[in-house]
Structure formats: structure tokens, C-alpha cells
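Fold and contact review
What follows is each chain in one-letter form.
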Amino acid sequence: MSQYPQSIYIHLPFCKTKCPYCDFASFTEKNKDIQSQYLDALANEITSFFQTHKIDKDETLIKTIFFGGGTPSIHSGEEIANIIKRLQSHTIFDNEIEITMEANPGTINLDKLYEFKVAGINRLSIGTQTFNQKLLDKLARGHTVEDTFEIIELIKKVNFKSWSFDLIYGLPKQTLEDLEDTLDLAIKQGSPHISAYALSIETNTPFGDIYKNSYHPELAQETELAEMYKLLDEKLTNNNFERYEVSNWAQTKHECKHNLTYWRAEEYFAFGLSAHGYFKSHRFANTRELQKYMDIYSDKITLSSDKYDTYTKIKEAEQLEEEILLKLRLKEGLYLSPQIKEKLNQEKLNYYQSQDYLEANNKHIKLKDKAFFVSNHIIADLLS
Ligand code: SF4
């Protein structure tokens, strides 16, 4: 096995519109010069990283790449191909490599989709959010349900290895019936993977101003969110999906291998604005400021910790906690090493076991189905 990380995250921050609930590092930059300046900086960062760390290409083996954003699909096939070629000039790609791109409806036509496939993209994650036009309008994502159907047709024509719908539930004024309709449509469209996250209201966003009060009458409260989650899990499980992580369901062999890297607490490379990487027991984050990022990487440089916004050595104790936090979100659970056992609150563990929330023996621990919606609470308790 390669001594180096086997996954790479690439951040492409440009979007068609800025959604009012979004606090990601993303911009509605239409100026092609700025976009190409950014892509040059990204290429420089990639090369600087591999050269600074003296990473021997022949000792690498990359199994997953994930293009996130932003809206990576607003870029051309050629731009995406150039990034992939740059990565290939420093690393060896596994024959079975998974290369995912986040793609938004309304940003792709058939030619572009073919170009992405030729460039190497073999998995698409579609920013669907909901199949209800009224709710979609409220999210102001700059696409329609019609656009979503159109992209689905194109994906089927081009025949990608796998694809996914990204959904949001708990949208303002969303009812259980609305969610059920969206799920029925998503299942009917045949995507083998579905991610569904509850809407999170972030401060410093327009939604943060509107929904300052988390008890706002338009927002679903804990009980309604729990019902929505139950509906999601029941519907998907009854339709050949398996929940392999708290918010992710997949049909056999369609799990997102890239995200499993994060949830298994493995290390990974990460490049681009605000990208967070994990390498040689250090977690580090690039700046969120576009101009600053482009200034730093305007040329090839020798990378040092001061180029990052944060650069933190993860101590063994923290590593263990991260492992517990992340792996317990997975259906597969976690191997109970003596060090992990020591970190867990035995009294709480016994309690949750007696209440049928988790399964544990001497070697292994995993949450049971009914624990998933409250997993954050249970995990925090186990670490207390
Ligand atoms: S498309 Fe995604 S990244 Fe872009 S603004 Fe909307 S939520 Fe944020």
C-alpha cells in the first residue's frame, strides 16, 4: 500500500448564483480572466505541494478525486482535463479510480458532459436539493426542476459509472409530503446514490438574517426533522438503498469512495481556495480569500506552514477522538482498539447498549438504526 494519501480534494469556488443559505467559499465570478488566474494558481499549488514534500510519483497511488465547490461544472471540459493532467503529472492513478464532480443543473449540455467524461470524470453528484419548484425558488439556486430533469437525461445518455442526488430537507415551509414527493421522484429517476442533509442556517448569510431565530415558524423543528429523517431512511431502505453513513444512502457498490476516506479518518491531499487537507498527521486549511489565494500561488513556491490559514499537528489523543467521531457515523462502525476503548465513557456505552442504541463487543462497536438521527448526541456522550 502506498505510504501517501490515496485521495485528492479540489476546490473550484465559482458559481452561477450565490445561494442565500450558503457559507461556502464560493463566488459568482463571471470574469473568465479571474477564473483562469485561479486555475493557474491551483495548478501552481498542486506542483508546489508535490515538489516541496518531495513526493515520488512512483510511490503514489490515487484512488479517488473529488471536485467540489462552488460549482465545478461551470468550468469547461478542457479546464477540468487540465487539472486532472496536472494531478497525473505528480501521481499515479489507480485503474479503478473514482473521479467525482459536483454538478449543478443548468450548467451543463451534452457536449460538455462528454468532455467531462473524456477528461476522466466518472461520477457526478447533482445539486438537486428538491424536486419541488416552489421550495427550489426559495433556495434561489438559479436552476429549475426542469433543468434537473434535463441533466438526468444527459447523464443517462453519457452513461457515467455512478451518480448521486444531493438533497436538502427541513427547507422553509417544507412538509413531510413535499419530501416524500421529492424522494419518490429521486428514486424513480434511478440515481444509485442519495445524500440528504438537513438545512443548516448559517450566520452571515441572507438566510441567517431571515431565520435568526431557530424557532422561526417556517422552519422544521426537532420532531419534524426526526420524522423527515425517518421517512428518508424508510423510503430509501425499502428501495434497495443502504444507509452507509448518517446522511448517505447507496445501492450496492455505489458508495462514494472519496467521502469514505474522510469518514474513515484517513489522510488526503486537498488543493484550492479554502481546501482542508490532512497529511503527515497535520490538518491544514488554505485561505478563504480569493485574491489572497491567487497572490500566494501566483507562481510555484516552496510550501511552508505560513502559507496556510491553519496548520495543526493532530496529536494521538485528538486522532483517536476524530476516529470515534467519524467512524461511528458509518454503518460499519469502528474497531475497538485498546486506545479507543480507553477514550470511551464505559458507563455511557453500557447505557446506550442497554437501550438498544448500539451494538458492541470486545472488538467492535457500531450504532443501531434508531441511533442514527441522534448520533451526534450519542457520540458526544460516549466521548464525555
Ligand atoms: S451552488 Fe452550492 S456552492 Fe454555489 S452558492 Fe449555491 S450552495 Fe453555495
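Within every chain, residues take consecutive numbers counted from 1 along the sequence as written. In keeping with the predicted nature of the model, local features appear solely for residues at pLDDT of at least 70, side-chain atom pairs appear and are counted solely at 80 or more, and the whole-chain, interface and lining totals rest on all residues. With hydrogens and water excluded, all non-hydrogen atoms of the structure serve as input to the side-chain values.

1. Things to note about the sheet that holds strand S4 (residues 123-129)
- The rule for pairing is simple: two strands pair if DSSP sees at least two bridges between them. For helices the rule is a DSSP run of H or I covering at least 4 residues; for strands it is a run of E covering at least 2, with both sets numbered from the N terminus onward. Taken in spatial order, the 9 strands line up as S7-S8-S6-S5-S4-S3-S2-S1-S9 in an open sheet, and their pairing is mixed. With one partner strand each, in any of the chains shown, strand S7 (242-245) and strand S9 (269-271) form the two edges of the open sheet. Across the sheet, the mean angle from the axis of one strand to that of its neighbour is 20°, orientation sign disregarded.
- As judged from the 6 bridges shared by strand S5 (residues 162-169) and strand S6 (residues 193-198), these two strands associate in the parallel manner. Note on definitions: angles span 0 to 180 degrees between N-to-C directions of axes, and those axes are lines fitted to C-alpha atoms, for helices only across the stretch in contact.

2. Section: the nonpolar core
- For our purposes a nonpolar core is just a set of buried Ala, Val, Leu, Ile, Met, Phe, Trp, Tyr and Cys residues, chained together by side-chain atoms within 4.5 Å. Only protein chains enter the accessibility calculation, which uses a 1.4 Å probe; a residue is then buried when its area is under 20% of its type maximum, exposed when over 50%, and partly exposed in between. By size, the foremost hydrophobic cluster in this structure holds 93 residues, and its most contacted members are Ile10, Ile65, Phe67, Ile121, Leu124, Phe269 and Phe271.
- Looking at which element gives the most residues to this core, the answer is helix H1 (residues 32-52), with 8 residues.
- What Phe271 contacts, discounting residues up to four positions off in sequence, is Ile8, Tyr9, Ile10, His11, Leu42, Glu45, Ile46, Phe49, Phe50 and Leu87.
- Phe66, Ala250, Cys256 and Trp263 belong to the second largest nonpolar core, which has 13 residues in total. For this analysis, residues touch if any pair of their heavy atoms sits within 4.5 Å.

3. Here's the deal with the sheet that holds strand S12 (residues 310-313)
- Here 3 strands make up an open sheet; going across it, the order is S10-S11-S12 and the pairing antiparallel. The open sheet terminates on both sides in strands that have one partner only, identified here as strand S10 (276-279) and S12. When strand polarity is set aside, the average angle formed by the axes of neighbouring strands in this sheet is 15°.
- For S10 and strand S11 (residues 282-285), the ladder comprises 4 bridges, and the chain directions are antiparallel. Looking at the pairing, Phe279 lines up with His282 of S11.

4. Here's the deal with the site of the ligand
- Looking at the ligand, there are 13 residues lining it, with Cys15, Cys19, Cys22, Gly70 and Asn104 nearest.
- Residues are sorted three ways: Asp, Glu, Lys and Arg are charged, Ala, Val, Leu, Ile, Met, Phe, Trp, Tyr, Cys and Pro are nonpolar, and all the rest, Gly among them, are polar. Residues that form the shell around the ligand fall into these classes: 5 nonpolar, 6 polar and 2 charged. If a single non-hydrogen atom of a residue is within 4 Å of a molecule or strand, that residue counts as near it.

5. A closer look at the pattern of salt bridges
- Between Lys or Arg on one side and Asp or Glu on the other, a salt bridge is scored when a side-chain nitrogen of the former is within 4 Å of a carboxyl oxygen of the latter. Taken as a whole and judged by the stated rule, the model has 18 salt bridges.
- Between Lys235 and Asp184 there is a salt bridge, with the nearest N and O atoms lying 2.8 Å from each other. Of this pair, Lys235 sits in helix H8 (residues 222-237) while Asp184 sits in helix H6 (residues 176-189), and the two are 51 residues apart along the sequence.
- According to the relative accessible area criterion, Asp184 is partly exposed, its value standing at 34%.
- Each of Asp233, Arg243, Lys331 and Asp369 takes part in a single network of salt bridges with overlapping partners.

6. Looking at the environment of Ser89
- Note on placement: Ser89 falls in the loop between helix H2 (77-88) and strand S3 (93-103).
- C-alpha of Ser89 to C-alpha of Ile46: the two residues are 43 residues apart in sequence and 9.9 Å apart in space.
- A polar contact is formed between the side chain of Ser89 and the backbone oxygen of Arg86, at a distance of 2.7 Å. N or O atoms within 3.5 Å of each other form a polar contact, as long as, within protein, one can give a hydrogen and the other can take it, and as long as residues adjacent in sequence are counted only when both atoms are side-chain atoms.

7. Looking at the packing of H1 against H2
- Between H1 and H2, whose axes approach to 10 Å, the crossing angle comes to 10°. Here H2 runs roughly parallel to H1, going by the angle between their axes. With respect to the hand of their crossing, H1 and H2 are arranged in right-handed fashion. In this structure, H1 contributes Lys32, Leu39, Leu42, Ala43, Asn44, Ile46 and Thr47 to the contact, and H2 contributes Glu79, Ile83, Arg86 and Leu87. Each angle gets one of four labels, with under 35 degrees taken as roughly parallel, over 145 as roughly antiparallel, 65 to 115 as roughly perpendicular, and the rest as oblique. With the far helix as reference, a near helix turned anticlockwise by less than a right angle produces a left-handed crossing, and one turned clockwise produces a right-handed crossing.

8. Some details on the packing of aromatic side chains
- Pairing of aromatic side chains here covers Phe, Tyr and the six-membered ring of Trp, requires ring centres within 6.5 Å, and sorts the geometry by plane angle: under 30 degrees stacked, over 60 edge-to-face, intermediate tilted. Evaluated as defined, the whole model comprises 29 aromatic pairs.
- The interplanar angle of 65° and the centroid separation of 6.0 Å between the aromatic rings of Tyr244 and Trp263 together place this pair among those described as edge-to-face. On the criterion of sequence distance, the pair formed by Tyr244 in strand S7 and Trp263 in helix H9 (residues 257-263) is long-range, its members being 19 residues apart. Trp263 shares its class with Tyr244; the two are buried.
- Their ring planes at 50° and their centres at 4.9 Å tell us that Tyr293 and Tyr297 sit as a pair that is tilted. For the pair Tyr293 and Tyr297, one class covers both residues: buried.
- Following the ring pairs from residue to residue traces out a cluster consisting of Tyr4, Phe49, Phe50, Phe269, Phe271, Phe279, Phe284, Tyr308 and Tyr311.
- In this analysis the charged atom, NZ for Lys or CZ for Arg, is taken to sit over a ring once it is within 6 Å of the ring centre and within 35 degrees of the ring normal. Directly above the aromatic system of Tyr278 lies the positively charged group of Arg283, at a separation of 3.8 Å from the ring centroid.
- The aromatic ring of Tyr357 is capped on one face by Lys370, whose charged end is 4.5 Å from the ring centroid.

9. Here's the deal with the side chain of Arg329
- If you trace the backbone, Arg329 turns up in the loop between helix H11 (316-327) and strand S13 (334-335).
- A polar side-chain atom of Arg329 sits 2.9 Å from a polar atom in the side chain of Glu245.
- Within the local environment of Arg329, its side chain forms a polar contact with the side chain of Asn376, the two groups lying 3.4 Å apart.
- When near neighbours in sequence (up to four residues on either side) are disregarded, Arg329 contacts Tyr244, Glu245, Val246, Ser247, Phe372, Asn376 and Ile379.

10. Concerning the domain arrangement of the chain
- Start and end points for every domain follow an automatic or database-based domain assignment. Per the domain assignment, the segments making up the chain are domain 1 (7-263) and domain 2 (316-382).
- On a C-alpha basis, the centres of domain 1 and domain 2 stand 28 Å from each other.
- Summed over both partners, the accessible area lost on bringing two parts together, with a 1.4 Å probe, is the buried area. Carbon and sulfur atoms supply 61% of the area buried between domain 1 and domain 2, which totals about 1,100 Å² over both sides.
- Applying the counting criterion to the domain 1 and domain 2 interface returns 2 salt bridges.
- Residue Glu245 is joined to Arg329 by a salt bridge in which the shortest nitrogen-to-oxygen separation is 2.9 Å.
- Between domain 1 and domain 2 we count 5 residue pairs in polar contact (both at pLDDT 80 or more) in total.
- Sorting the residues of the side of domain 1 that touches domain 2 by element identifies H8, S7 and H9 as the ones contributing at least two each.
- For the side of domain 1 that touches domain 2, the residue count by class is 9 nonpolar, 1 polar and 4 charged.

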